[in-house]
Amino acid sequence: MENKPLIIFVLGGPGAGKGTQCEKIVEKFGFKHLSAGELLREERRSGSPKGDLIETYIKDGNIVPVEITLGLLDTAMQKSEIKQFLIDGFPRNEDNYTGWNKIMANKVNFKFVLFFECSEKTCVERILERGKSSGRSDDNRESLVKRFQTYTNSTTPIIDHYRKDNLVRTIDAEASPDQVFEKVKELFQKECLS
Ligand code: C5P
Ligand code: MG
């Protein structure tokens, strides 16, 4: 168990603050942050033959087939010297979930899902604000509607799977980043991750 990488999944709607909080956790607790969405965007930018396919999924707010995402995550995990990971934005649907369980689950020490709970209203405001400068092809109202549909229909059932096993740690993410991080810090200290 000790030699296996430690894994925390980070989930929440688009704009819930997953990336922002992960950066703070990295700074304070020394984790490696792997954002599934960011890895996919990088793969697309790299001129990969899968780039066009990835872009189609991202723009429509759909979830890329797990073979691609898991390959990127696995490579990034192998490359990292730090072996405790925040995997942000994964598993997002049943395909992600079963793919991970089939290939990775027995190779890691999975701790819990860190779930940022935030109203759609707050999330939309944050994303539209971010969209002014993010350059992301999916930070606009049209993609956002689809991203929320995907979140509601495909991601929340996955969170429910973990909740049944008491593996979800929920953080209220409505407040400012610093206020939310206070609660995250308490949780990490309580879970002996500091
Ligand atoms: O998490 P983030 O908002 O960066 O994800 C952006 C997009 O990347 C998602 O809307 C989805 O199209 C894609 N993605 C995916 N599979 C994941 C994570 C993200 O297809 N596990
Ligand atoms: Mg993000």
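Preceding this paragraph is the structure being described.
In what follows, the accompanying structure is described.

The rules behind each value
Residues numbered from 1 in each chain as written. Chains lettered and ligands numbered in written order. Predicted model: local features only at pLDDT ≥ 70, side-chain atom pairs only at ≥ 80, totals over all residues. Heavy atoms only, no water. Buried < 20%, exposed > 50% of the residue type's maximum accessible area, 1.4 Å probe, protein only. Helix = DSSP H or I, 4+ residues; strand = E, 2+ residues; numbered from the N terminus. Arc of directions from axis to C-beta. Contact = heavy atoms within 4.5 Å. Near = heavy atom within 4 Å. Polar contact = N/O pair within 3.5 Å; in protein donor to acceptor, adjacent residues only side chain to side chain. Areas by Shrake-Rupley, 256 points an atom, 1.4 Å probe, with all protein chains shown as cover. Nonpolar A, V, L, I, M, F, W, Y, C, P; charged D, E, K, R; others polar. Salt bridge = Lys/Arg side-chain N within 4 Å of Asp/Glu carboxyl O. Axes fitted to C-alpha atoms, helices over the stretch in contact; angles between N-to-C directions. Parallel < 35°, antiparallel > 145°, perpendicular 65-115°, else oblique. Left-handed = near helix turned anticlockwise from the far one by under 90°. Phe/Tyr/Trp six-rings, centres within 6.5 Å; stacked < 30°, edge-to-face > 60°.

Focus: helix 3 (residues 51-59)
- All buried positions along helix 3 are accounted for by Gly51, Ile54 and Ile58. Along the axis of helix 3, the buried positions cluster into a sector of 65°, meaning they face one direction only.
- Looking at the buried positions of helix 3, the neighbouring elements they touch are helix 2 (36-45) and helix 4 (66-79).
- Once helix 3 ends, the next one or two residues include glycine 61, with phi positive near 70°.

Things to note about the site of ligand 1
- Around ligand 1 sit 16 residues, and of these Arg41, Asn62, Val64, Gly89 and Arg92 come closest.
- Contacts to ligand 1 include asparagine 62, whose backbone N or O atom sits 2.6 Å from an oxygen atom.
- In the complex, the protein chains occlude 96% of the 450 Å² of accessible area that ligand 1 would expose alone.
- Sorting the residues of the shell around ligand 1 by element identifies helix 2 and helix 3 as the ones contributing at least two each.
- Of the residues forming the shell around ligand 1, the biggest block, 4 residues, is contributed by helix 2.
- The class makeup of the residues in the shell around ligand 1 is 7 nonpolar, 4 polar and 5 charged.

Description of the pattern of salt bridges
- Applying the stated criterion across every chain, the model contains 15 salt bridges.
- Between arginine 169 and glutamate 191 there is a salt bridge whose closest N-O contact spans 2.6 Å. Here the residue arginine 169 occupies a position in strand 5 (residues 168-172), and glutamate 191 occupies one in the segment after helix 8 (177-190), the gap between them amounting to 22 residues.
- In this structure glutamate 191 comes out as partly exposed when scored by relative accessible area, which is 23%.
- It is possible to trace a salt-bridge network through shared partners that takes in Arg130, Arg136, Asp138, Asp139 and Arg147.

Structural notes on the packing of helix 2 against helix 3
- One can describe the packing of helix 2 onto helix 3 by two numbers: an axis separation of 8 Å at closest approach and a directional angle of 140°. In terms of their interaxial angle, helix 2 and helix 3 are classed as oblique. Two packed elements cross with a definite hand, and for helix 2 against helix 3 that hand is left-handed. Seen from helix 2, the contacting residues are Leu40, Arg41, Glu43 and Arg44; seen from helix 3, they are Gly51, Ile54, Glu55 and Ile58.

Points about the packing of aromatic side chains
- In this structure the tally under the stated criterion is 10 aromatic pairs.
- Here the aromatic rings of phenylalanine 31 and phenylalanine 188 are separated by 5.7 Å at their centres, their planes lie at 75°, and the arrangement is edge-to-face. Of the two residues, phenylalanine 31 sits in the loop between helix 1 (18-29) and strand 2 (32-35) while phenylalanine 188 sits in helix 8, which places them 157 residues apart along the sequence.
- Look at phenylalanine 188 and you get buried, because its relative accessible area is 0%.
- Between phenylalanine 112 and phenylalanine 188 the ring centres are 6.3 Å apart and the planes differ by 85°, which places this aromatic pair in the edge-to-face class. With phenylalanine 112 in strand 4 (residues 109-117) and phenylalanine 188 in helix 8, this pair connects stretches of sequence that are 76 residues apart. The residues phenylalanine 112 and phenylalanine 188 share a single accessibility class, namely buried.
- An aromatic cluster is built from Phe9, Phe90, Tyr97, Trp100, Phe110 and Tyr162, whose rings are joined through pairwise contacts.

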